[in-house]
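If you want the building blocks of each chain, they are given just below.
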Amino acid sequence: MTRSWLIAVVLFAAAVALPFAVPTYYVQFASKALIMGMLAMALNLAVGHGGLVSLCHAAFFGLAGYVLALLSPGYDPASLLTTLPLAVLASAFAALVIGALALRTRGVYFIMVTLAFGEMLFFLFHDTSIAGGSDGAYVNAKPEIAIAGRQLLDLGSPTVFYFVVLAFLIATVALLTMIVRSPFGHALAAARDNERRARSLGFPIFQIRLIAFVVSGAIAGVAGYFAAAQFGFVAPQMLGWHLSATVLVMVLIGGLRSVTGPLVGALVLIGLEELLKATTDYWKLIEGIIVIVIVLAMPNGVRQLWPLIFGTSEKRETKPATVAAEARHV
Amino acid sequence: MSDVALRAQGLQKHFGGLKAVSDVSIDVHVGEIHAVIGPNGAGKSTLINLLSGELFVNGGAIMLGDTDITRLAPDRRARNGLGRAYQKTTIFPKFTVHENVRLAAQARSPAPLRMFGHVRNNAAVHERTAQAIDRAGLSVRTWITAEQLSHGEQRQLEIAMVLATDPRIILLDEPLAGMGQSEARGIIDLIASLKVGRAVLIVEHDMDAVFELADKLTVMHDGQVIASGLPQDVRMHPAVRTAYLGDHGGGS
């Protein structure tokens, strides 16, 4: 426990120090990576903890971005305090509707149904003139928090933007950790491992999964809101299955069984992309090969490297701690 | 004694043209073990699935106490006090014994789906978990992963999980299947203790165990009840002797 806390504190200190140590470009790059990490962690609540492989999380991500674009008043900044909740609400509502229908299916059918719904949202923005159709739309000014005309928080500054994203990322980790450890989280995992048994114990499987799916979609919306704010632009590709699949790869690289694994997976994949782009024109090919090797060599994600790097076996770290904590109750 | 925990009336279930269960009625009282026997294909497992809600009836009604549960989903039936153990052990293999049973205890706690607070920090759930594990005789195995248990211990775990949900009626589907003599002894004693304050319906092939445990006996054949009553009466029933017990030789 103390060791993992120490690592968390060191990582946090490094994250706080980063904007003061590197050029602006890398601060923006870090923000982008953290946003994708948030999206990957959101997806993993459904995929890893709920056993629900969704191919429509980009739609929740993109929808929130579009809400920001549509609510931004011309060339003036939108208010963060009103547009963020509305954007997240839109994503949550989409997840509620899609989840309510898709969760009636199982396994590969669930994947196909989420894919179909995701593509429906993609084509809604692609084939109609909403927000510029296939050309997309600009978010001309980054959102702000202002009271009585006085600006309190300006996301236009890359450093401020980075810290806001970092704060939301930490809140996401805290929220997901809380959910996973809660009675709800255990019921969700039980439904994943043995649906029939979980139901016969009295757990309402459909409701549990729907709640998890909506929470997951809402967090994806937070990520999408900040992505749109950062790029200053939204396009239908933001909602497409291609992004959904990329995020799924991040989750697989990072590992399905932990809250922060997908964050690591996102950082690895995005870092890898940046590195390869700078060195070769065939970066996608090389990236693909590396991803395949990672997934084959570490089926439980790159978090398997933790014990090698930090010198403790994860098993030994969690088990006695659990037993000791439970024994205290006896 | 005459407190009916579960009453099924005129249950019908057909799969296409096959009548798996036709016009089956059964009353299970609090404080008694009601055994359902019959040859393979008699509809016993279908009956259990109808009672637990994994299959819906095509006709008839099921009452759990005063509640009509005929149209309720399995999880709603469970929350109304119906617990079941499966023929094929269906525990959560990667969880410890404690985690398996705690999940069951949690399902019947006042806030089973609370999203905050660590799952370990609920004293009432923890208490019920420990009690159920103790009742099932698994205390020394509390921290073992379920997949590491022996077959017999996994059946004990099944029963511990059912106990932790504090049901009014327990459905047991062949609890002794695939079990050796010595293992079976412990489970039989455990099952005998379950009827205190609740009702037990058991489907079982082991006739010695059935006649040792059962307070009431129902015999099914081709989806129908051919006899029902006290074990000694049913044993003498002519239709039963030809249809079922005769096959086993020396049933008397």
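The shown structure was predicted, so the numbers you read here are calculated from the model rather than taken from an experiment. (Residues numbered from 1 in each chain as written. Chains lettered and ligands numbered in written order. Predicted model: local features only at pLDDT ≥ 70, side-chain atom pairs only at ≥ 80, totals over all residues.)

Peer 1: Explanation requested: the overall build of chain A in the structure shown.
Peer 2: Looking only at helices and strands, chain A features 14 helices and 4 strands. A compact globule built from 330 residues would reach a C-alpha radius of gyration of about 20 Å, and chain A, at 20 Å, matches this within 12%. With the C-alpha coordinates of chain A rotated into their principal frame, the extents come out at 60 × 50 × 50 Å. A burial count over chain A gives 45% of its 330 residues as buried. Partitioning the intrachain contacts of chain A with sequence separation of at least 6 by distance along the chain shows that 75% fall at a separation of at least 24. (Helix = DSSP H or I, 4+ residues; strand = E, 2+ residues; numbered from the N terminus. Rg over C-alpha atoms; globule rule 2.2 N^0.38 Å. Buried ≥ 20, exposed ≤ 12 C-beta atoms within 10 Å, placed from the backbone. Contact = placed C-beta atoms within 7 Å.)

Peer 1: What should I look at first to understand the packing of helix 5 (residues 151–164) of chain B against helix 6 (residues 181–194) of chain B in this one?
Peer 2: To characterise two packed helices, one gives the angle between the axes of the helices and the distance between these axes. Residues and elements named next belong to chain B. Look at helix 5 against helix 6: their axes get within 10 Å of each other, and the N-to-C directions meet at 10 degrees. Compared by their axis directions, helix 5 and helix 6 come out roughly parallel. Residues Gly152, Arg155, Gln156 and Ile159 of helix 5 lie in contact with helix 6, whose contacting residues are Glu183, Gly186, Ile187 and Leu190. (Axes fitted to C-alpha atoms, helices over the stretch in contact; angles between N-to-C directions. Parallel < 35°, antiparallel > 145°, perpendicular 65-115°, else oblique.)

Peer 1: Help me understand the interface of chain B and chain A, please; the structure alone is not making it clear to me.
Peer 2: Interfaces are often described in size by the accessible area the parts lose on coming together. Contact residues are listed per partner, giving 30 residues for chain B and 26 residues for chain A. Residue assignment for the side of chain B that touches chain A shows that the elements contributing at least two residues are helix 2 (74–79), helix 3 (97–107) and helix 4 (123–135) of chain B. Among the elements that make up the side of chain B that touches chain A, the one with the highest residue count is helix 3 of chain B (5 residues). Of the residues assigned to the side of chain B that touches chain A, the class counts are 15 nonpolar, 8 polar and 7 charged. (Nonpolar A, V, L, I, M, F, W, Y, C, P; charged D, E, K, R; others polar.)

Peer 1: Help me out: how do you make sense of the confidence of the model for chain B in this one?
Peer 2: Interpretation of this model should avoid reading the predicted coordinates in detail wherever pLDDT is low. All names here are of chain B. The predicted model of chain B has a mean per-residue pLDDT of 87, with 94% of residues at 70 or higher. Element-level pLDDT for chain B is lowest in helix 9 (residues 238–248), with a mean of 67, against a maximum mean of 94 in strand 8 (residues 199–203). The ipTM for the predicted assembly is 0.83, set against a pTM of 0.87. (pLDDT = per-residue confidence, 0-100.)

Peer 1: Explanation requested: the confidence of the model for chain A in the structure shown.
Peer 2: Residues and elements named next belong to chain A. Here chain A averages 86 in pLDDT, and 91% of its residues register 70 or above. No element of chain A has a lower mean pLDDT than helix 14 (residues 314–327), which averages 40, and none a higher one than helix 9 (residues 205–231), which averages 95. Confidence drops under pLDDT 50 across residues 313–330; counting only partners more than four residues distant or on other chains, this segment forms 12 contacts.

Peer 1: Explain helix 4 of chain B to me, please; I cannot follow it from the model alone.
Peer 2: In an α-helix, one turn spans 3.6 residues, which is why side chains three or four residues apart end up on the same side. Residue and element names in this part refer to chain B. Over its 13 residues, helix 4 extends 18 Å from the first C-alpha to the last, a length consistent with the 18 Å expected when each residue adds 1.5 Å. Every buried residue belonging to helix 4 is among Val125, Arg128, Thr129, Ala130, Ala132 and Ile133, and all of these are buried. In this structure, the buried residues of helix 4 make contact with helix 3 and helix 5. With its phi angle positive at about 75 degrees, Gly137 sits one or two positions after the end of helix 4. (Expected span 1.5 Å × (residues − 1).)

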